[in-house]
Amino acid sequence: MAVTPAHFDAWYTELRVPLRGYLRRITGSAAAADDLFQETWVRLLTHPPRTADLPSVRAYVFTIASRLATDAWRRDSWLQRWLKPRRPQPDGTGDEIDDLPSDTELAPDAQAAMREQVVHALACLSPRERALVWLAHVEHYDHDEIAAILDLRPRSIRVLLHRARKRAAAALRETKTPRGAP
């Protein structure tokens, strides 16, 4: 199928924010995420999807982004950059969690503490585990869709996601209990 300007504009408008958030979370770097974000759209234009319906295009775009992120990680050995805590940059960009809407109204101090705990928990996960958790809980993909995006077997998603949640929960417990405390 040929990608028309109208199709591209509609897809970009719909997928820009979730895709950028996904890439920022799994890379841990706004600059790296922006590079991958642009490369994802270039790949979409050079290798158009087979259909124009939004759910299929959404899965296709996230598949492209996931594979580009994996390739970048392998190529540049970004593991240490992904695990570094992210702090706001002088230009005002910063942690993607600040851009996510809050479901509950908490005091700003409590929200900041919760964000730090989530950032720490995600940093303790491998890039694949982070992608699993993000796609399942932020993007609300089902196990079959996650398997297709990450090129894994659908039956293994449940186990891998369980392990990722377990590691994230352990990291969250660790941040709530200071070291050396009973």
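Data block above holds the structure.
Note that the structure is predicted; figures quoted are calculated from it, not measured.

(A) Up close: the overall build of the chain. Of regular secondary structure, the chain possesses eight helices and zero strands. For the chain, the α and β elements follow one another from N to C terminus as α-α-α-α-α-α-α-α. A total of 182 residues make up the chain; the buried ones form 36% of that total. Excluding contacts between residues fewer than 6 apart, the proportion of contacts in the chain whose partners are at least 24 apart in sequence is 66%. As displayed, the chain has an accessible area near 11000 Å², and 54% of this comes from carbon and sulfur atoms.

(B) Spatial organisation of the packing of helix H1 (residues 5–27) against helix H2 (residues 30–46). At a minimum axis separation of 9 Å, H1 and H2 run at an interaxial angle of 145°. When the axes of H1 and H2 are compared, the crossing they make is right-handed. Contacts from Phe-8, Trp-11, Tyr-12, Leu-15, Arg-16, Leu-19, Arg-20, Leu-23, Arg-24 and Thr-27 of H1 reach H2 at Ala-30, Ala-32, Ala-33, Asp-34, Leu-36, Phe-37, Thr-40, Trp-41, Leu-44 and Leu-45.

(C) Just helix H6 (residues 127–137), in detail. Where burial is concerned, most of H6 is hidden: nine out of the eleven residues are buried. Among the residues of H6, Pro-127, Glu-129, Arg-130, Ala-131, Leu-132, Val-133, Trp-134, Leu-135 and Ala-136 are the ones counted as buried.

(D) Broad picture of the packing of H1 against H6. Here H1 crosses H6 at 150°, and the two axes come no closer than 9 Å. Considered as vectors, H1 and H6 are oriented roughly antiparallel to each other. Crossing handedness for the pair H1 and H6: right-handed. Here H1 contributes Pro-18, Gly-21, Tyr-22, Arg-25 and Ile-26 to the contact with H6, which in turn contributes Arg-130, Ala-131, Trp-134 and Leu-135. Tallied by class, the residues present in the contact of H1 with H6 amount to six nonpolar, one polar and two charged.

Calculation criteria
Residues numbered from 1 in each chain as written. Predicted model: local features only at pLDDT ≥ 70, side-chain atom pairs only at ≥ 80, totals over all residues. Heavy atoms only, no water. Helix = DSSP H or I, 4+ residues; strand = E, 2+ residues; numbered from the N terminus. Buried < 20%, exposed > 50% of the residue type's maximum accessible area, 1.4 Å probe, protein only. Contact = heavy atoms within 4.5 Å. Areas by Shrake-Rupley, 256 points an atom, 1.4 Å probe, with all protein chains shown as cover. Axes fitted to C-alpha atoms, helices over the stretch in contact; angles between N-to-C directions. Left-handed = near helix turned anticlockwise from the far one by under 90°. Parallel < 35°, antiparallel > 145°, perpendicular 65-115°, else oblique. Nonpolar A, V, L, I, M, F, W, Y, C, P; charged D, E, K, R; others polar.

Geometric descriptors of this kind do not, in isolation, establish any biological role.
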